[in-house]
Structures are given as C-alpha cells and as structure tokens.
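Descriptive analysis of the structure
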Amino acid sequence: ANIKRGFGSEGASTITQQVVENSFITTGKKTLKSKVQEQWLALKLERELSKEEILEIYLNKIFYGAGAYGVAKAAETFFGKTNLHDLTLVEAAILAGLPQRRPSAYNPYENPELTKGRLDTVLKLMVRHGKITEEEAEEARQVDITSLLSGRKQTTTRYDAFIQQVKQEIS
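Bear in mind that the values here come from a model prediction, so they are computed numbers and not experimental data. (Residues numbered from 1 in each chain as written. Predicted model: local features only at pLDDT ≥ 70, side-chain atom pairs only at ≥ 80, totals over all residues. Heavy atoms only, no water.)

1. Brief notes about the overall build of the chain
When helices and strands are tallied, the chain shows 10 helices and 2 strands. Here the chain holds 171 residues, and the buried ones make up 33% of them. In the chain, the proportion of contacts linking residues at least 24 apart, taken out of those at least 6 apart, comes to 52%. (Helix = DSSP H or I, 4+ residues; strand = E, 2+ residues; numbered from the N terminus. Buried < 20%, exposed > 50% of the residue type's maximum accessible area, 1.4 Å probe, protein only. Contact = heavy atoms within 4.5 Å.)

Structure below.
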C-alpha cells in the first residue's frame, strides 16, 4: 500500500503513535516529516504517561462502529450501559474485538455472526493470556449476542460521526 499509494498510507503505528496522531497532529497528510514528528511526540508521551494511561486515552478516542467513538459510548450504544464496570465478560470481549480493522463489519446489530466469530477470537486470547479460564470462555460462547443488545440501535444521520467527534474534542 505504501508503494502503490505513497508513504504512510498504511500501518506501522504503535498505539502511542495513534494517540499522538489523533490528538496532536493536524496536517491530515502523512509525510516523512509528519511521521517523524509523530514518533518524536510518541516518545515524549511515553516518558510522561504509563502504558495503561496511553491505552485509556486510545480506547476513549477510537471508533467502535455505529457512530460510537470511545469505549463508553460503544457500551451505551450496543448494550445500554453507562458504567463500564457493569459490562459482562461477553460484552467487554465484544467491545475489545470491535476496533480491530473494520469496526463496522463487527457491528453486532448488523452482523451478529461476524461479531460471534470475533468474540471467539478474543475469548481464545483471554484464555491464552490467563485472563479467564476455558470454562468461562465456553460459557461466554453460549450467550446469544442479540439478546445483549440494548435494542436502541443507533440511528445515524449524514454527519453523526463528525458531530460526535467534534463534541468529544471540545469536551
């Protein structure tokens, strides 16, 4: 992609670099100069904040699909929950899997079967890394995803994502 569409058209950014790009870089164009600036600012940010704090910023900025930017908005949009501590294992695993590549493709309202496949991947990783047991994962796999949804499918208008991003940046 970088050869076909030019430098910086895809990939090679760490989470910290993505936080910097989404928060501080305003050029909109990926040039060698902007990429070096992004890397420098990422190094400075990593000196000031812990990895957990950087991840928290990242999770509160990224797109989760259905017009939701940030994990809290995604929890509300999909599950009707305003407190992240109220999320079940299945709900948290679904949210963890949404940002990967194409969040709209894994939208549980639109593609519950794709969401279920992505959920299985997340659960396998959680077991592998000792976050949950295989029994917990198997129990989570049995949950009907559509039964978790808030029933308040986000209706979008032409500029919803833009308006939501502006509101987030202002706050």
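2. Concerning the nonpolar core
Judged by nonpolar contacts, the single largest core of 33 residues is most densely connected at Phe 78, Phe 79, Ile 94 and Leu 95. Mapped by element, the contributors of at least two residues to this core are helix H2 (15-23), helix H3 (32-48), helix H4 (51-59), helix H5 (71-79), helix H6 (89-97), helix H7 (112-128), helix H8 (134-141) and helix H9 (145-148). The biggest single contributor to this core is H5, with 5 residues. Residues contacting Ile 94, with those up to four places away along its chain left out, are Phe 79, Pro 108, Thr 115, Leu 119, Ile 145 and Leu 148. (Core = buried A, V, L, I, M, F, W, Y, C linked by side-chain atoms within 4.5 Å.)

3. Observations concerning the side chain of Glu 91
Within the fold, Glu 91 resides in helix H6. Within the structure, the side chain of Glu 91 is placed 2.6 Å from the side chain of Lys 81, a separation counted as a polar contact. Not counting chain neighbours up to four residues away, the residues in contact with Glu 91 comprise Phe 79, Lys 81, Asp 86 and Leu 148. (Polar contact = N/O pair within 3.5 Å; in protein donor to acceptor, adjacent residues only side chain to side chain.)

4. Topic: H6
Restricting attention to buried positions, one finds in H6 the residues Val 90, Glu 91, Ala 93, Ile 94, Leu 95 and Gly 97. Each element contacted by the buried residues of H6 is listed here: strand S1 (63-65), H5, H7, H8 and H9.

5. A look at the confidence of the model for the chain
Averaged over all residues, the pLDDT of the chain is 86; the fraction at 70 or higher stands at 84%. Predicted confidence in the chain is weakest over helix H1 (residues 2-5), with a mean pLDDT of 58, and strongest over H8, with 98. (pLDDT = per-residue confidence, 0-100.)

6. A short note on the environment of Phe 24
Residue placement: Phe 24 occurs in the loop between H2 and H3. Taking the relative accessible area as the measure of exposure, Phe 24 reaches 52% and is therefore exposed. For the pair Phe 24 and Leu 41, spaced 17 residues apart in sequence, the C-alpha separation works out to 8.7 Å.

7. Section: the environment of Ile 15
Tracing the sequence through the fold places Ile 15 in helix H2. Counting along the chain gives 27 residues from Ile 15 to Ala 42, while the straight-line C-alpha distance between them is 9.1 Å. When residues no more than four places from it in sequence are discounted, the contact partners of Ile 15 are Ile 54, Leu 55 and Tyr 58.

8. Describing unusual backbone geometry
Glycine aside, negative phi is the norm for most residues, and most peptide bonds take the trans geometry. Notably, Ala 66 is not glycine yet its phi reads approximately 55 degrees, a positive angle. As for its position among the elements, Ala 66 is in the loop between S1 and strand S2 (68-69). When its relative accessible area of 15% is taken as the criterion, Ala 66 is described as buried.

9. A few points about the packing of H2 against H4
It is the contact of H2 with H4, at a shortest axis distance of 9 Å, that shows an interaxial angle of 50 degrees. Classified by the interaxial angle, the pair formed by H2 and H4 is oblique. The interaxial crossing formed by H2 with H4 has left-handed handedness. For the pair H2 and H4, contact is made by Ile 15, Thr 16, Gln 18 and Val 19 and by Ile 54, Leu 55, Ile 57 and Tyr 58, respectively. A class-by-class count of the residues in the contact of H2 with H4 yields 6 nonpolar, 2 polar and no charged. (Axes fitted to C-alpha atoms, helices over the stretch in contact; angles between N-to-C directions. Parallel < 35°, antiparallel > 145°, perpendicular 65-115°, else oblique. Left-handed = near helix turned anticlockwise from the far one by under 90°. Nonpolar A, V, L, I, M, F, W, Y, C, P; charged D, E, K, R; others polar.)

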